[in-house]
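# Inside the fold
Chain by chain, the residues:
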Amino acid sequence: MRRLLLPALLSLSVILPSASSAADSLPQWTNSFGMTFSLIPAGKTVIGRYGWAGVEPRRDITISTEFGMGTTEVTQGQWKAVMGGQNPSEPFLGDDLPVNRVSWNDAQTFVKKLNELDAPRRYRLPTSAEWEHAYRAGSQATWITGDGAPAFPQSLREYEWFGPDKKTHPVAQKKPNDWGLYDMGGNVREWVQDWWQHDYYGGMPGVDPAGPAVGNMRVWRGGSYEDAMEACSFVSRDGDKPTKRSKWIGFRVVLEGASLRSALGSDSPKGEAAAPAPEATGAVPAGVPAAYVPVLDNMHDILAHNYPDRDWQDGEYGVMERWRGNAGPEALASVGWALLDLNGDGRKELLISPIYTENGKPLGQEIYALYTEKDGKAVLVQEGTTRNCFALMNGGLIKHHGSGGAMMQILGICGLSQDGTKLVWHDYWFTDHKNEAFDIGYYWNDLGTPDRKASQEIPKAAFEKAEEALARQNASAEFSPFRDWRKAESAPARADQPAASPAVRIRWADDALKGAISYETFLNPRDQAQMEVAVCAESTVSNVKVLKLEFVDVDENGKVRFNTTELFKKATLEQRRPLVMGLPLFENIPQYGISYEDEGGRTYRFAITQSGEDGSLQLMPF
């Protein structure tokens, strides 16, 4: 093993135009449930506070994509309209009051139902960074009233409801901020999408930070009617368990920018005429190796057409995690491809990436999938997901940030081997428990594996220094959006896509049991069950097994391998008779899986995981 060395890292600045703060310039739209959304512009913003060297240092960040922010917190009337009359709120009741006593999980259930009822529009919770960007509305201060604490609470009370108060109040009764948003700092606290990490601000990425990859609590922002004045500041945040229900917590939702533009009758910022997405013409752009054309055709296809029940294939996980079931113009405009020579061998690798716009150019940093060409064929080198991220650095290097569970955080710097078929690690840092007392240790190696015995233990300060340095290294390259891809052959959809649903699905137990005739339950006595999921058969399957998974490695094609231990076996699983499983909180690396045989005797194995994007349950084949 070579000596521990943090390579010299060059900083790259990302510059986007600052967002405008003119309230009357922001388009608004109201859906059929009475929810109004302001179109929040993309741009540079700040997050955190001045002069704060602790857990919330001030950071300059970029929000790369416009989005629609609910102008008010979700009201009890809107909740009942979406959820069919149910109202969890107490003790204060009223259709124009914000809904409260809803957990983060409840908010996700509301969003899922809203997406079903208002398809194909796409709703979600805001990220913490989007929330603060929208509340600030271009302000560099700490308070909506300006720099410093308000001289008199009364000036802040023109905008926010805060303590000492005894109840929630009807929404939109105070002054809005400059972007037309009401009650952002008060009335009720608001759930956002992110996992909670108290010191996340010190190492957050500079573009579209979305919170840590894993955690035990979810973030809420702002203050409530009983909170002190300080909770109304732009920077106020805290966290709680996703199952927590409190009279002080509600939420507001985001409508994706492309969905809001479509509702407004425009697909381009600032009212520009929208160009329709081009159809495939059969012309492949010059310089694209023939080996990559099938990969690009396939990626264009799954971004353009909804295949919600399609099994994921190697190389598709990052894209499918984000866009599964939500394909169309927004997906084609938000993902791109590029040909880059990462190892200097004169051959170009193919990269698939989420993209953002800077100075009119589509750029990408994060890597969904990386391919090389060998013997005339495309070979998958690596793929990334929300919880297992790879991104570009300067000099052809790639940085890695991931998690192996609640106690394992992984950082790394790697490059391509000379033949381009695998990653070669220069630095690999990770945390892990180092004794039976579960004290956290910090380790480094150049092997690319979280093996304590093959690693050098390092001080916590060295790990944090590496984390901070990596967070600043955000190289980017120009990518071509898939909306502009010209496929080699024009076809509306692939013939090999299954028309029917897969044999089993994984659902939250509360949803699955509504139409069930009966069900069976499996609880692993060694684990503390904190959530219930249900394995549901779309057609009768046999030899159903619950598996305990132990991560082994990732093979040369980027496919995860597990050792499995059978925990439970059931002869058959029938429609409307699900198997309910009690599981601990999800970690980055799946801990449980299922296997079954179909009517033809073929065996299928899936890991049970949760999307880092929207929290939905997913089955990942392995």
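Here the structure is a predicted model, which means the values were calculated and not measured.

A separate point is the nonpolar core. Core analysis: the largest hydrophobic core is formed by 33 residues, its most contacted members being Leu296, Leu303, Val319, Trp337, Leu350, Ile352 and Phe482. Breaking this core down by element, the ones donating at least two residues are α6 (293-304), α7 (317-323), α8 (329-334), β12 (335-340), β13 (349-358), β15 (369-374) and β28 (541-554). Looking at which element gives the most residues to this core, the answer is α6, with 6 residues. In contact with leucine 303, not counting residues within four places along its chain, are Val319, Trp323, Ala327, Gly328, Ala331, Leu332, Val335 and Phe482. In this structure, Ile63, Tyr135, Cys232 and Val254 belong to the second largest nonpolar core, which totals 30 residues.

Let's shift gears to the packing of helix α1 (residues 76-83) against helix α2 (residues 104-117). Put simply, α1 and α2 touch, their axes get as near as 9 Å, and they point 60° apart. The angle between α1 and α2 places the two elements in the oblique class. With respect to the hand of their crossing, α1 and α2 are arranged in left-handed fashion. Together, Gln78, Trp79, Val82 and Met83 of α1 and Asp106, Thr109, Phe110, Lys113, Leu114 and Leu117 of α2 make up the contact between the two elements.

Now for the packing of aromatic side chains. Each aromatic ring pair is summarised here by two numbers: the centre-to-centre distance and the angle between the ring planes. One pass over the full model with this rule turns up 16 aromatic pairs. Aromatic pair tyrosine 442 and phenylalanine 463: ring centres 5.4 Å apart, planes at 55°, arrangement tilted. Remark: phenylalanine 463 occurs in helix α9 (residues 460-471) and tyrosine 442 occurs in strand β21 (residues 440-445); sequence separation between them is 21 residues. Assigned by exposure class, tyrosine 442 and phenylalanine 463 land together as buried.

Overall, mixed pairing links the 4 strands, which are arranged β9-β8-β7-β10 in an open sheet. Each of the sheet's edge strands pairs with one partner strand only, and the pair in question is β9 (237-240) and β10 (249-251). Strand-to-strand, the axes of this sheet are offset by a mean angle of 50°, without reference to chain direction. Note: strand β7 (residues 189-195) against strand β8 (residues 218-221), 3 bridges, orientation antiparallel. The residue bridging tryptophan 195 from the neighbouring strand is arginine 218, located in β8.

Among the 7 residues of β7, 7 are classified as buried, and the element is accordingly described as predominantly covered. Two strands pair when backbone bridges link them, and β7 and β10 are joined in this way by 3 bridges, in the parallel orientation. Looking at β10, one finds that arginine 189 is bridged to isoleucine 249.

Right, let's talk about the sheet that holds strand β26 (residues 520-523) for a bit. Read from one edge to the other, the open sheet built from 4 strands follows the order β25-β27-β30-β26, with strand pairing classed as mixed. Strand pairing shows two members of the sheet lacking a second neighbour, β25 (504-508) and β26, which therefore form its edges. Each strand axis lies, on average, 25° off the axis of its neighbour in the sheet, ignoring direction. Judged from the 5 bridges that link them, strand β27 (residues 531-537) and strand β30 (residues 579-583) form a sheet pairing that is antiparallel. Considered in β30, the bridge of valine 533 is made with methionine 581.

Reading the values: the criteria
Per chain, residues are indexed from 1 in the order of the written sequence. Local features in this predicted model are restricted to residues whose pLDDT is 70 or higher, and side-chain atom pairs enter the listing and the counts only when it is 80 or higher, whereas totals over whole chains, interfaces and linings include all residues. Hydrogens and water molecules were not included; the side-chain quantities draw on all heavy atoms of the structure. What we call a nonpolar core is a set of buried Ala, Val, Leu, Ile, Met, Phe, Trp, Tyr and Cys residues that are connected through their side-chain atoms within 4.5 Å. Residue exposure (1.4 Å probe, protein chains only): buried if accessible area is under 20% of the type maximum, exposed if over 50%, otherwise partly exposed. Put simply, DSSP marks the helices as runs of H or I at least four residues long and the strands as runs of E at least two long, and each gets a number from the N terminus on. Two residues form a contact once any of their heavy atoms are found within 4.5 Å. Geometry is summarised by axes, namely lines fitted to C-alpha atoms with helices restricted to the contacting stretch, and by angles between N-to-C directions that run from 0 to 180 degrees. Here the word oblique covers every angle except those under 35 degrees (roughly parallel), over 145 (roughly antiparallel) and from 65 to 115 (roughly perpendicular). Handedness of each helix crossing follows the sense of rotation of the near helix against the far helix: counterclockwise by less than a right angle gives left-handed, clockwise gives right-handed. Working definition: rings of Phe, Tyr and Trp (its six-membered ring) pair if their centres are within 6.5 Å, and the pair is stacked with planes under 30 degrees apart, edge-to-face with planes over 60 apart, and tilted otherwise. Strands were regarded as paired on the criterion that DSSP finds at least two bridges between them.

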